[in-house]
Each structure stands twice: as C-alpha cells, then as structure tokens.
Amino acid sequence: MVKKVTILIISLIGVFKLYSQELNYTNNRIAVSFDGNSAPDNLYKWPTGDPDDWGALVASCAIMAKLELQDKLVHCSYNNFIDAPAGPDNENQLKISADGCIERWNFEKDVFFDVTTQLKEAKVNLATEMGKSTAKDPLYFLHAGLSEFLYQVIEEVIAQGNIEALNHVYLLSHSNFNEDEIRRDNHHTWNDVQELCGNRIKYKKIQDQNDKKNPENLWHSMDDFSVWYWMRDHKDKNIRWMYTRIQAHSLGHADISDCGLFYYLLTGDDNGNPQKFKNFIGKGIYNN
C-alpha cells in the first residue's frame, strides 16, 4: 500500500494548502457534475430533487475561489438527473447558485451547464476536457451526482476516439447513492461506467461526507443551522449569501455534503466540518 503523504504549502493569500499526493493533485484541471434538480420528477420514486447541492455548489465554488483556483474549473454541470424535467429559471435553484458564483467570484460563465436544458453541450464539453487529458495535464472529476450523465459522457469520449485519455482522468467520490442509484430502468451506475471505459479512470473514494447525528462533524448538520451562523453573521456579503443558499434547502436541512469532495481534493482533509470551514474562509473571499 502506498503511504499517503501530504505536502504543506503556504499560499500567497496566507491560506495553508495541503495537496494529497495519493491523487497527485497539483493545481490541475477540475470538473464536477451535481444533481440537485428543483423541478419534480413524477416518474421517479422520490419526485423531489436533491436539494443539498443547492448550497453545496456554492460552498464548493467558495473553496476554489478562496484558493484563487477559478481558472482550474473547466466544467461544472448541474441538474444532472437524466430524463428529469427542467424548471423555470426563477425557480431553478442550481441555476441561481451557479449564476451567483459566476457573478460574485469571477468563475468563467461558459464552463457551467444546466443538464436539463443543455445536455448535449454539457456532454460534449466534459468529454472534450476528458479527451485531452495526459500524464502532464490530468483531469480531476468530482462525482457529485448520479452516474448516468457520466456514462453518456464516456460514450462521447469513446465516439471522439479518445478512450486512452481516460487513463489520465481521476474520479473522486464519497457517495454510494451517487454511484449506484438510477432514476430510470435503462440508466447506468458507476460500475457500468468502469466497465464501459475498461477501468481506465483512476478511482478514489473517501468517507461519506454526511454525519447527520453530529452537527459539528463533516458537512451535514440536519436541521441545526447554528453551526453555520458564522456565515450568516460574516462581514463578507458573499459569505452571507452562501448561507442563504444553504437555507434554500427545500426540506430545511443544513446539508452541503458534496463540497467535502472539493475540501478533500484541495486540502487533503476528508474530515472537514463547520469550524474548519470557518477557519478556512477566514475574513472572506475577495477576488478582483
């Protein structure tokens, strides 16, 4: 077993960065796909979407923005429940979150895709980013939604003739649900993705980032918002806005669990929690 080693680097913005050598991440390209659809899918056993991503997308972007890594995000798709309906923009919670991150933290608008309205564009974009991956320019994909979208992306990579590039794609996961759940009988799981790509994608799974019974641990504190009040009361108006996006959760839960993938990739710590996040954010995020 390769011993996990982390290297501590002091960044120019005074934040400590830990790079996980197990994943060999050194400021490489990052892609992510969230689920989180707002509109009800009445053909699925649970018609509601997955509202944790409404806040998790924002928290994930905040982590990148704090480290000034906005230009490393080359793909962010959301609402990736394939065959689920689209919702109107004014009720589309993931679009509200994504547009806010673009405006407030200077992310590139063209790397964000609403899968319910931009499925083809999202697939081609991510397939292209995967297809140009090399040993010197790997892609790190954070699996924050169900696997059917990813399966269709890998089909596109293969159609483009770039399957060997998948040897230089890393996939980071924390959720059995995201890997295994299907919304339609003809959909695919992560195991199907592995089979389709011939196990070329390098796979790393960290512990589940939910600990619902312990509000002060990890990234899901159920209905206890008090551990996040530091956001609500922050001097940075954009951090206060992030708190409102956590509050938007349709079931009233304080759940941003998928952002734990970003926290792990960029700090090497898969035991994040509200206090660590508060320390990480510090005085705020100010980007020109």
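Novice: Even after reading the chapter, I still don't get the overall build of the protein, so can you show me in this structure?
Specialist: Of the regular secondary structure elements, the protein holds ten helices and eight strands. Considering only C-alpha atoms, the protein reaches an extent of 50 × 45 × 35 Å along its principal axes. Across the 288 residues in the protein, those meeting the buried criterion constitute 56%. Surface summary for the protein: the accessible area is close to 12700 Å², and the carbon and sulfur share equals 49%. Of note, the protein has its 30 positive side-chain charges centred 7 Å away from the centre of its 40 negative side-chain charges.

Novice: Looking at this model, I keep getting lost on the pairing of strand β7 (residues 169-173). Mind explaining?
Specialist: Successive side chains on a regular strand alternate, one facing one side of the sheet and the next facing the other. With five of five residues buried, β7 lies mostly within the body of the structure. Residues V169, L171 and S173 of β7 are buried on one face, and the alternating residues Y170 and L172, pointing to the opposite face, are buried as well. Pairing geometry for strand β6 (residues 139-144) and β7, over four bridges, is parallel. When the bridges of β7 are listed, L142 appears paired with L172. What joins β6 to β7 is helix α4 (residues 147-159), and the crossover it makes is right-handed. Both β7 and strand β8 (residues 202-205) contribute to a ladder of four bridges, which runs parallel. Looking at β8, one finds that L172 is bridged to K204.

Novice: What should I look at first to understand the layout of surface pockets in this one?
Specialist: Over the atoms, a rolling probe the size of a water molecule traces out where space has been left empty. Space inside the largest pocket adds up to approximately 650 Å³. Taken together, 27 residues line the largest pocket, and the ones lying closest to its centre are D50, D52, F177, K212 and D255. It is helix α5 (residues 176-180) that contributes the most residues to the lining of the largest pocket, three residues altogether. Here the residues of the lining of the largest pocket sort into seven nonpolar, twelve polar and eight charged. Lining the second largest pocket, in full, are Y78, D89, K95, A98, D99, I102, K109, D110, F112, D114, T117 and Q118. Contributions of two or more residues to the lining of the second largest pocket are made by α2 (93-105), β5 (112-114) and α3 (115-131).

Novice: Hey, could you run me through the state of the cysteines in this one?
Specialist: Two cysteines form a disulfide when their sulfur atoms are joined by a covalent bond. Within the structure shown, the criterion is met by zero disulfides. The structure places no disulfide on C259, whose sulfur is separated from the nearest cysteine sulfur, that of C61, by 11 Å. Look at C259 and you get buried, because its relative accessible area is 0%.

Thresholds, definitions, all that
- Residues numbered from 1 in each chain as written.
- Predicted model: local features only at pLDDT ≥ 70, side-chain atom pairs only at ≥ 80, totals over all residues.
- Heavy atoms only, no water.
- Helix = DSSP H or I, 4+ residues; strand = E, 2+ residues; numbered from the N terminus.
- Buried < 20%, exposed > 50% of the residue type's maximum accessible area, 1.4 Å probe, protein only.
- Areas by Shrake-Rupley, 256 points an atom, 1.4 Å probe, with all protein chains shown as cover.
- Lys, Arg positive; Asp, Glu negative; His and termini not counted.
- Charge placed at Lys NZ, Arg CZ, Asp CG, Glu CD.
- Pairing = 2+ DSSP bridges.
- Right-handed = clockwise from strand over helix to strand, strands pointing away.
- 1 Å grid on protein atoms, 1.4 Å probe; cavity = no way out; pocket = protein on both sides within 12 Å on 5 of 7 lines; lining within 4 Å.
- Points joined across faces, edges and corners; volume = space filled by probe spheres on them.
- Nonpolar A, V, L, I, M, F, W, Y, C, P; charged D, E, K, R; others polar.
- Disulfide = S-S within 2.5 Å.

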